[in-house]
Amino acid sequence: MTAENISTVDQEALAAYRPLLEEVHGLIDAGDYEAGITRLQKVARASGNDALMNYLIELRVAAFPEIAEKVTPGPMFEANSLLGDVEAVKARLDKDGYLFFRNIVPVDLLTELRDQITQILADLGWIEGGEQRMLAKALCRPLREGQPRFFKAHDRIIKLEALHSLSHDPSIMNVMRQALGETVFPHPLSIVRLIFPDSPELATPPHQDFPNNQGTSNLTAAWMPLADCSISEGSLAIMEGSHKFGVLPLKFHLGAGNRRAVLNEQVLSCRWVGADFKVGDIVLFPSLTVHKAMENQNLERMRLSVDFRYQLEGEALTEGCLQPHFNRISWEDIYKDWKSDDLKYYWRDKHYVVAPWDASLHELPEGHVDEAYEQQLAYNIALTRRKESRLSGGDDA
Ligand SMILES: O=C(O)CCC(=O)C(=O)O
Ligand SMILES: [Fe+2]
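Given the structure is predicted, the values throughout are model-derived calculations rather than measurements. Sequence order as written defines the numbering, with residues in each chain counted from 1. To label them, take the chains in the order written and letter them from A, then take the ligands in the order written and number them from 1. At least 70 in pLDDT is required for a residue's local features to be given in this predicted model, at least 80 for side-chain atom pairs to be given and counted, and no such filter applies to totals for whole chains, interfaces and linings, which use all residues.

A short note on the domain arrangement of the protein chain
To be explicit about the condition: Residue ranges labeled as domains rest on an automatic or database domain assignment. Note on contacts: each residue gets a C-beta atom placed from the backbone, and two residues are in contact if those atoms are within 7 Å. Secondary structure elements follow DSSP: runs of H or I no shorter than four residues count as helices, runs of E no shorter than two count as strands, and numbering proceeds from the N terminus.
Domain annotation for the protein chain reports domain 1 (3-67 + 366-391) and domain 2 (74-361). For domain 1 and domain 2, the distance between their C-alpha centres works out to 34 Å. At the junction of the two partners, domain 1 supplies 10 residues and domain 2 supplies five residues. Broken down by element, the residue count for the side of domain 1 that touches domain 2 peaks at nine residues, all from helix α13 (residues 368-391).

Okay, structure coming up:
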């Protein structure tokens, strides 16, 4: 929070709030940025004082890098040598809450999907076309899930047969059978992540998949990038052993899913692990494991990845897991241009228990609408300042 970001007019309007601001900065100086913001936001929102609201937003701009987990992950254990020994595979998953495998998924399948996705993104002006297209160099300001322009691309991508068939590929199914059991099947809810560069504020925060999916907590995700993806390009990081501490409370976050887990002491004692993923590498983790995306520090390229979720027959799922991601397009529409009928409605032949959706597990705390608005505003200011500062050759703001 720097003085030049506060106008003289604002300085005067803030005079009456000096004691409050001193208290807020006391909390921040003691290392608790979030407590400082929480203290100020209560008063600022109720005050109707523009200067105080501006102050809050400026504090949020300054807070982004302070609040984000600065993680230097240790190495993920490479579990390839365990394959073939089902007991060893299961035991390792149970112990660590993840399994990382090198070179599992055929590169041509991932590259073909990337080719189709980048065609759509280039077509819509998100990324450079032509020879550079596969690099996915962003041309527009970051778009977030939920924005109309985001859905222009996503509504086309979600129809790709290559996306949905990938979750059934024998390469992944073979690993999943060893990790979970013979009757394992993927949920049709296949997810594509379109992650922009230059936006650490939007990096997927630490979270568990359970609140979003519910059903069985044995539900297991498979995450894989659609090109090589190093830690500094935003690969997935896992909190080793964090699946053993139950469901964590939620808070609003600008990143994918708009929710982050509030980590308690037990979970915080777990170690972050990560990897420089090569295309074809895959990480699996059950739905109580805390994971997050590392920040995509590449200033040009988008990070494109997919994730699928798997469960055993006979276990519980919620209805939403049988819908396409964001549930905007019907399966009929999705299937229209598919070449093969084999995978259409495949889950109707599977046995599972439909569990009711528990909305309370997914709820955000009171005030989250204000929180979302303020964070979005602060993020836009932070991004604009970064870009301006770079254009003028200065240091990053
Ligand atoms: O790719 C990301 O940024 C998030 C992925 C994720 O949370 C998941 O696969 O469950
Ligand atoms: Fe997740």
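Having put the structure on the table, let's press on.
Re the nonpolar core
Counted only if it meets this: For this analysis, nonpolar core means a set of buried Ala, Val, Leu, Ile, Met, Phe, Trp, Tyr and Cys residues linked through C-beta atoms within 7 Å. Any residue surrounded by 20 or more other C-beta atoms within 10 Å of its C-beta is treated as buried, while 12 or fewer makes it exposed and the intermediate range makes it partly exposed; C-beta atoms here are placed from the backbone.
Formed by 80 residues in total, the largest nonpolar core has its most connected members in L99, A222, I238, V283 and L284. Both of domain 1 (3-67 + 366-391) and domain 2 (74-361) provide at least three residues apiece to this core. If sequence neighbours within four positions are ignored, A222 has contacts with I172, I282, L284, D307, F308 and Y310.

Quick look at the sheet that holds strand β9 (residues 272-274)
Condition: The pairing criterion for strands is at least two bridges between them, as found by DSSP.
With mixed pairing, the four strands of this open sheet are ordered in space as β1-β9-β6-β11. Because the sheet does not close on itself, it has two edges, and the strands there are β1 (74-75) and β11 (291-293). Relative to β11, strand β6 (residues 236-239) runs antiparallel, the two being bridged by three bridges. For I238, the partnering residue across the bridge sits in β11 and is H291.

Focus: the site of ligand 1
To keep it simple, the criterion reads: Being near a molecule or strand means, for a residue, that its backbone-placed C-beta atom lies within 6 Å of it. Residue polarity is assigned by list, with Asp, Glu, Lys and Arg as charged and Ala, Val, Leu, Ile, Met, Phe, Trp, Tyr, Cys and Pro as nonpolar; anything else, Gly included, falls into the polar class.
The immediate surroundings of ligand 1 are formed by R193, I195, T204, D209, A221, W223, L236, A256, H291, A293, S305 and D307. Where the shell around ligand 1 is concerned, the elements lending two or more residues are β4 (191-195), β5 (220-225), β11 and β12 (303-311). Across the shell around ligand 1, the residue classes tally to six nonpolar, three polar and three charged.

Observations concerning unusual backbone geometry
Generally, phi is negative for residues other than glycine and the peptide bonds are trans, each holding for most cases. Even without being glycine, A136 reaches a positive phi, approximately 55°. Note that A136 resides in the loop between α6 (107-123) and α7 (148-157). Phi is positive for Q214, close to 60°, though the residue is something other than glycine. Mapping Q214 onto the fold places it in the loop between α10 (210-213) and β5. With 23 C-beta atoms counted inside 10 Å, the residue Q214 sits in the buried group.

Notes on the environment of L268
Checked against the element boundaries, L268 lands in helix α11 (residues 265-268). Taking the C-alpha atoms as reference points, L268 and M239, 29 residues apart in sequence, are found 8.6 Å from one another.

Regarding the packing of α6 against α7
Our working definition: Axis angles are defined between N-to-C directions and span 0 to 180 degrees, where every axis is a line fitted to C-alpha atoms and, for a helix, only to the segment in contact. For classification, angles of less than 35 degrees are called roughly parallel, those exceeding 145 degrees roughly antiparallel, those between 65 and 115 degrees roughly perpendicular, and all remaining angles oblique. Note on convention: the crossing is left-handed when the near helix lies turned anticlockwise from the far helix by less than a right angle, right-handed when the turn is clockwise.
Between α6 and α7, the least distance of the axes is 10 Å, while the angle of their chain directions is 150°. On the basis of the axis angle, α6 is roughly antiparallel to α7. As for how α6 packs across α7, the hand of that crossing is right-handed. Counting all contacts with α6, which are made through I117, I120 and L121, the residues of α7 involved are A153, R156 and I157. Of the residues contributing to the contact of α6 with α7, the split by class is five nonpolar, no polar and one charged.

Some thoughts on the environment of Y310
Among the structural elements, Y310 can be located in strand β12. Take Y310: there are 23 C-beta atoms within 10 Å of it, and that puts it in the buried class. The sequence separation of Y310 and M176 amounts to 134 residues, and the corresponding C-alpha distance is 7.7 Å. Here Y310 is in contact with M176, L180, V184, F185, P186, T220 and A222, once residues within four sequence places are set aside.

Thoughts on the environment of I57
The topology assignment puts I57 in helix α4 (residues 50-67). Judged by the 19 C-beta atoms lying within 10 Å of it, I57 is partly exposed. Taking the C-alpha atoms as reference, I57 lies 37 Å from V283; in sequence the two are 226 residues apart. The contact partners of I57, leaving out residues within four places of it in the chain, are E374, L377, A378 and I381.

Focus: the pairing of strand β10 (residues 282-286)
Among the five residues of β10, five are classified as buried, and the element is accordingly described as predominantly covered. In β10, alternate side chains face the same way, and those of I282, L284 and P286 on one face and V283 and F285 on the other are all buried. Pairing between strand β2 (residues 99-101) and β10: three bridges, direction antiparallel. Residue pairing for β10: L99 is matched across the bridge by L284. The pairing of β5 with β10 spans four bridges and is antiparallel. When the bridges of β10 are listed, A222 appears paired with L284.

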